[in-house]
Amino acid sequence: HDHDHDHHHDHDHSHENHWLKAGIGLAFGVGMLVLSVVGIAIPFAAYCAITGVSTLISLYLGYGTLKSAWNALKEGKWNMATLYSLSTLVIIITSILGLFIPGLPLMLESAPLILGFWHLGEAIEHLLLDKIQTKMDVRDIAPKKVTLNDKQISVKKLLPNDVITLKKGEVLPV
């Protein structure tokens, strides 16, 4: 869903399924962490394949973030998407080079985990904003009755130029 808000980050609020992408990133990242801790001897060809899969998953998960970062940079701006994109790209490049340059780490779990957490945050943000917007409908919190000349009357009976008294905290759409 699209929603308009501005709280210090610019990114695409399209119809991305953030819950699904969070699950993919976190599951793959944790899987890679487990694989690295178990210490199974993995042939070089398998490392190459795993690096390729990790890169593709990272690019899939990070597409919206990378696009947002690119648009921000074209305008000469840095934002959270730019920082996430930069860290993700450094991790991907380091992991690919790590296949061929001794001493460079294979951080195959890092980019999917980072982007998985990004999407988890986005999913939670969207969930909370939807709940807030649902609860913030002024028609739901407006009083049904108001005080006019010390009498409670229905708001539907108000006439132009009536002077009403509102209690502290009451909201009345005008």
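Residues numbered from 1 in each chain as written. Predicted model: local features only at pLDDT ≥ 70, side-chain atom pairs only at ≥ 80, totals over all residues. Heavy atoms only, no water.

A.B. asks: Hey, could you go over the pairing of strand β1 (residues 145-148) for me, with residue numbers and the actual values?
C.D. replies: In terms of strand pairing, β1 meets strand β2 (residues 151-154) through 4 bridges, oriented antiparallel. Bridge assignment links lysine 145 to a residue of β2, and that residue is serine 154. The antiparallel hairpin formed by β1 and β2 contains 2 residues in its connecting segment, where asparagine 149 sits at a positive phi of about 55°. Pairing of β1 with strand β3 (residues 164-165), which is carried by 2 bridges, proceeds in the antiparallel orientation. Counted as the bridge partner of leucine 148 is isoleucine 164 from β3. (Pairing = 2+ DSSP bridges. Helix = DSSP H or I, 4+ residues; strand = E, 2+ residues; numbered from the N terminus.)

A.B. asks: An account of helix α1 (residues 18-38) is needed here, citing residue identities and associated values.
C.D. replies: Helix length check: α1 (21 residues) gives 30 Å between terminal C-alpha atoms against 30 Å at 1.5 Å per residue, within 8%. Inspection of α1 places His18, Lys21, Ala22, Gly25, Phe28, Gly29 and Met32 among the buried residues, and these make up the whole buried set. All buried residues of α1 lie within an arc of 150° about the axis, which places them on one face of the element. In α1, the exposed positions that point more than 90 degrees away from the buried face belong to Ala27, Val37 and Val38. Where α1 begins, one side-chain oxygen reaches toward the backbone nitrogen of tryptophan 19, 3.3 Å away; that side chain belongs to asparagine 17. One or two steps after α1, the chain reaches glycine 39, where phi turns positive at roughly 75°. (Expected span 1.5 Å × (residues − 1). Buried < 20%, exposed > 50% of the residue type's maximum accessible area, 1.4 Å probe, protein only. Arc of directions from axis to C-beta. Polar contact = N/O pair within 3.5 Å; in protein donor to acceptor, adjacent residues only side chain to side chain.)

A.B. asks: Could you give me a rundown of the sheet that holds β3, with the residues and numbers involved?
C.D. replies: Ordered in space as β2-β1-β3, the 3 strands form an open sheet in which the pairing is antiparallel. A single partner strand is all that each edge strand has here, and the edge strands are β2 and β3.

A.B. asks: Any details on a nonpolar patch on the surface? Residues and values, ideally.
C.D. replies: Together, Phe44, Leu59, Leu89, Ile93, Ile96, Leu97, Phe100, Ile101 and Leu104 line one region of the surface with nonpolar side chains, adding up to about 780 Å² of accessible area. Those elements that place two or more of their residues in the nonpolar patch are α2 (44-74) and α3 (80-98). By residue number, the principal contributor to the nonpolar patch is α3, which donates 4 residues. For phenylalanine 44, the location among the structural elements is in helix α2. (Patch = residues over 30% accessible without salt bridge, like charges linked within 9 Å, V, L, I, M, F, W, Y side chains within 5 Å. Areas by Shrake-Rupley, 256 points an atom, 1.4 Å probe, with all protein chains shown as cover. Salt bridge = Lys/Arg side-chain N within 4 Å of Asp/Glu carboxyl O.)

A.B. asks: Go over the pattern of salt bridges, please, and point to the residues and values.
C.D. replies: Within the structure shown, the criterion is met by 1 salt bridge. When the shortest N-O distance is used, the salt bridge between lysine 77 and glutamate 75 registers 3.3 Å.

A.B. asks: Lay out the layout of surface pockets with the relevant residues and their values.
C.D. replies: Volume-wise, the largest pocket comes out at about 160 Å³. Those elements that place two or more of their residues in the lining of the largest pocket are α1 and α2. Per-element accounting of the lining of the largest pocket gives the leading share, 3 residues, to α1. Broken down by class, the residue content of the lining of the largest pocket amounts to 8 nonpolar, 2 polar and 1 charged. (1 Å grid on protein atoms, 1.4 Å probe; cavity = no way out; pocket = protein on both sides within 12 Å on 5 of 7 lines; lining within 4 Å. Points joined across faces, edges and corners; volume = space filled by probe spheres on them. Nonpolar A, V, L, I, M, F, W, Y, C, P; charged D, E, K, R; others polar.)

A.B. asks: Please set out α2 residue by residue, giving values where relevant.
C.D. replies: End to end, α2 covers just 39 Å across 31 residues, shorter than the expected 45 Å (1.5 Å per residue, more than 12% under). Of all the bends in α2, the largest measures some 60° and sits at glycine 62. Following α2 by one or two positions, glycine 76 adopts a phi angle in the positive range, close to 75°. (Bend = angle between axes of the 7 residues up to and from the residue.)

A.B. asks: Explain the packing of α2 against α3 residue by residue, including any values.
C.D. replies: In the contact formed by α2 and α3, the axes pass within 8 Å of each other and the chain directions differ by 150°. When the axis of α2 is compared with that of α3, the two are roughly antiparallel. Crossing angle aside, the handedness with which α2 passes α3 is left-handed. Contact residues: α2 offers Thr51, Thr55, Ser58, Leu59, Thr65, Leu66, Ser68, Ala69, Ala72 and Leu73, while α3 offers Ala81, Thr82, Tyr84, Ser85, Leu89, Ile92, Ser95 and Ile96. When its residues are assigned to classes, the contact of α2 with α3 shows 10 nonpolar, 8 polar and no charged. (Axes fitted to C-alpha atoms, helices over the stretch in contact; angles between N-to-C directions. Parallel < 35°, antiparallel > 145°, perpendicular 65-115°, else oblique. Left-handed = near helix turned anticlockwise from the far one by under 90°. Contact = heavy atoms within 4.5 Å.)

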